[in-house]
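# Results of the structural survey
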Amino acid sequence: MSLVELHGVTKHVRLPDDTRLDILRGVDLEVGSGDHVAIVGRSGSGKSTLLNILGMLDLPSSGSVAFRGHPIVQESGRRMRRGTLDRLRGREVGFVFQQFNLLPGRSATDNVAMPLGYATGRQFWRRRRLAEEMLDRVGLSHRLESPPEQLSGGEQQRVAIARALVRRPALILADEPTGALDVDTGEAVMSLLDEVASETEAALVTITHDLHVAARARRHYRLEAGVLTEVDLDAASRATALGAVTAAAHARAEAPE
Ligand SMILES: Nc1ncnc2c1ncn2[C@@H]1O[C@H](COP(=O)(O)OP(=O)(O)OP(=O)(O)O)[C@@H](O)[C@H]1O
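Note that the structure is predicted; figures quoted are calculated from it, not measured.

## Some words on the site of the ligand
Taken together, 13 residues lie near the ligand, and Ser43, Gly44, Lys47, Ser48 and Thr49 sit nearest. Between the ligand and Gly44, the relevant distance is 2.8 Å, taken from an oxygen atom to a main-chain nitrogen or oxygen of the residue. Note that an oxygen atom of the ligand is positioned 2.8 Å from one of the side-chain N or O atoms of Lys47. Its free accessible area being 640 Å², the ligand has 56% of it covered by the protein chains. For the shell around the ligand, the secondary-structure elements that each account for two or more residues are β2 (20-31) and α1 (47-54). In terms of residue count, the dominant contributor to the shell around the ligand is α1 (3 residues).

Laid out in structure tokens, this is it:
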């Protein structure tokens, strides 16, 4: 059974001049446990909107969404109750964003423990310990008390990854996770995200402009003007995507200041 399943999903909004903007047009997508899916597309093609629907932060205008076979929204427009949906999202989905979205002035441990503030039982009572273990897993056991402003971009994204994973979500949604990082740091962060996702058999959906980041995924989709199509990034083009970025990184490293 798929973890998350979208069928015929559309999303439109009314603009101030009363015209209708179609953001997503008939999107079908199934993501299973342990899957790694990349979605590439130009700015404005609807990637963030699609990610928000996958993460149950937003609902489609029409079509259906199901999570572990439970209907979130059905063809008929019938929706899961708001409270049930919020609990499901909190337990099952972890988000990683381009801009990290950490709370300034709060330690790395506080930031990572934050989602456990909504947990129950053992997870709630052990939240600081679980946060420290997760920070250790992402290589930051020496930075437990540091606030984001004292961390590098790569370290901040590691904290954000630890926060996304601390509840062991079944689905991790990453929106341009390397967008604010240099090539090498981005590379290290993606390896870590891949590793921790596969350790817990979580599904990972990454949206990115970067072919190199996309090439890491098992399945690839392109979003163009709201239409999603699967692309067959074969071994050769994967190698080219990886090679091109590696070459560019080396060229930059060797270029005189
Ligand atoms: N609530 C809204 N009201 C009006 N327009 C919207 C709304 N949400 C999204 N849009 C528009 O829909 C289009 C798709 O937005 P979305 O953020 O999903 O694109 P994206 O592919 O993630 O872009 P980027 O890569 O630049 O982040 C954009 O043109 C955006 O301006």
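## Overview of the sheet that holds strand β9 (residues 219-224)
With mixed pairing, the 6 strands of this open sheet are ordered in space as β6-β7-β8-β3-β9-β10. The open sheet has two free edges, formed respectively by β6 (93-97) and β10 (227-231), since each of these has just one partner strand. Looking at each pair of strands side by side, their axes are set apart by 20 degrees on average, direction ignored. Sheet analysis places strand β3 (residues 36-40) next to β9, joined by 4 bridges and oriented parallel. Bridge pairing links Val40 to Arg222 in β9. Together, β3, β7 (171-175) and β8 (203-208) form the strand contacts of helix α7 (residues 183-199), whose direction differs from that of β8 by roughly 155 degrees.

## What about helix α6 (residues 153-165)?
Each turn of an α-helix holds 3.6 residues, which means side chains three or four residues apart point in the same direction. With 13 residues, α6 should reach 18 Å at 1.5 Å per residue; the first-to-last C-alpha distance of 18 Å fits that figure. Counting buried positions along α6 yields 10 of 13 residues, so the element is predominantly enclosed. For α6, the complete set of buried residues consists of Gly154, Gln156, Gln157, Val159, Ala160, Ile161, Ala162, Arg163, Ala164 and Leu165. Lining the buried residues of α6 we find β6, α3 (108-113), α5 (127-137), β7 and α7.

## Describing unusual backbone geometry
Residues other than glycine seldom take positive phi values, yet Glu176 does so here, at roughly 50 degrees. By the secondary structure assignment, Glu176 is in the loop between β7 and α7. If you check the backbone angles, Ala225 has positive phi at about 45 degrees while not being a glycine. By the secondary structure assignment, Ala225 is in the loop between β9 and β10.

## Points about the packing of aromatic side chains
Tallying each qualifying case throughout the model produces 2 aromatic pairs. Seen from their ring centres, Phe95 and Phe97 are 5.9 Å apart, and the 5 degrees between their planes marks the pair as stacked. Here Phe95 falls in the buried class, since its relative accessible area comes to 15%. A relative accessible area of 26% places Phe97 in the partly exposed class. Consider the rings of Phe124 and Trp125, whose centres lie 5.0 Å apart with planes at 85 degrees: the pair is edge-to-face.

## What to know about the sheet that holds strand β4 (residues 62-67)
Strand order in the open sheet made by the 4 strands is β2-β1-β4-β5, with antiparallel pairing throughout. The outermost strands of the open sheet, each flanked by one partner alone, are β2 and β5 (70-73). Direction aside, neighbouring strands of the sheet carry axes that sit 30 degrees apart on average. Pairing of strand β1 (residues 4-14) with β4, which is carried by 5 bridges, proceeds in the antiparallel orientation. Across the sheet, Val4 pairs through a bridge with Phe67, a residue of β4.

## Notes on the pairing of β6
For a regular strand, side chains alternate in direction, first toward one face of the sheet and then toward the other. Summarising burial for β6: 4 of the 5 residues are buried, a large majority. The pairing of β6 with β7 spans 5 bridges and is parallel. By the bridge assignment for β7, Gly94 is matched with Ile172.

## Let's talk about the confidence of the model for the chain
The predicted structure's coordinates, where accompanied by low pLDDT, should not be read in detail. Counting all residues, the mean pLDDT for the chain is 89, and 91% of those residues have values of 70 or more. Note on residues 242-246: pLDDT under 50 across the span, and 5 contacts to partners over four residues away in sequence or across chains.

## Overview of the layout of surface pockets
Counted as a void, the largest pocket has a volume near 560 Å³. Lining the largest pocket are 16 residues, and of these Arg89, Gly90, Val93, Phe95 and Pro115 sit closest to its centre. For the lining of the largest pocket, the element with the highest residue contribution is helix α2 (residues 82-92), accounting for 5 residues. Classifying every residue of the lining of the largest pocket by side-chain character gives 8 nonpolar, 2 polar and 6 charged.

Reading the values: rules and limits
Residues numbered from 1 in each chain as written. Predicted model: local features only at pLDDT ≥ 70, side-chain atom pairs only at ≥ 80, totals over all residues. Heavy atoms only, no water. Near = heavy atom within 4 Å. Polar contact = N/O pair within 3.5 Å; in protein donor to acceptor, adjacent residues only side chain to side chain. Areas by Shrake-Rupley, 256 points an atom, 1.4 Å probe, with all protein chains shown as cover. Helix = DSSP H or I, 4+ residues; strand = E, 2+ residues; numbered from the N terminus. Pairing = 2+ DSSP bridges. Axes fitted to C-alpha atoms, helices over the stretch in contact; angles between N-to-C directions. Contact = heavy atoms within 4.5 Å. Expected span 1.5 Å × (residues − 1). Buried < 20%, exposed > 50% of the residue type's maximum accessible area, 1.4 Å probe, protein only. Phe/Tyr/Trp six-rings, centres within 6.5 Å; stacked < 30°, edge-to-face > 60°. pLDDT = per-residue confidence, 0-100. 1 Å grid on protein atoms, 1.4 Å probe; cavity = no way out; pocket = protein on both sides within 12 Å on 5 of 7 lines; lining within 4 Å. Points joined across faces, edges and corners; volume = space filled by probe spheres on them. Nonpolar A, V, L, I, M, F, W, Y, C, P; charged D, E, K, R; others polar.

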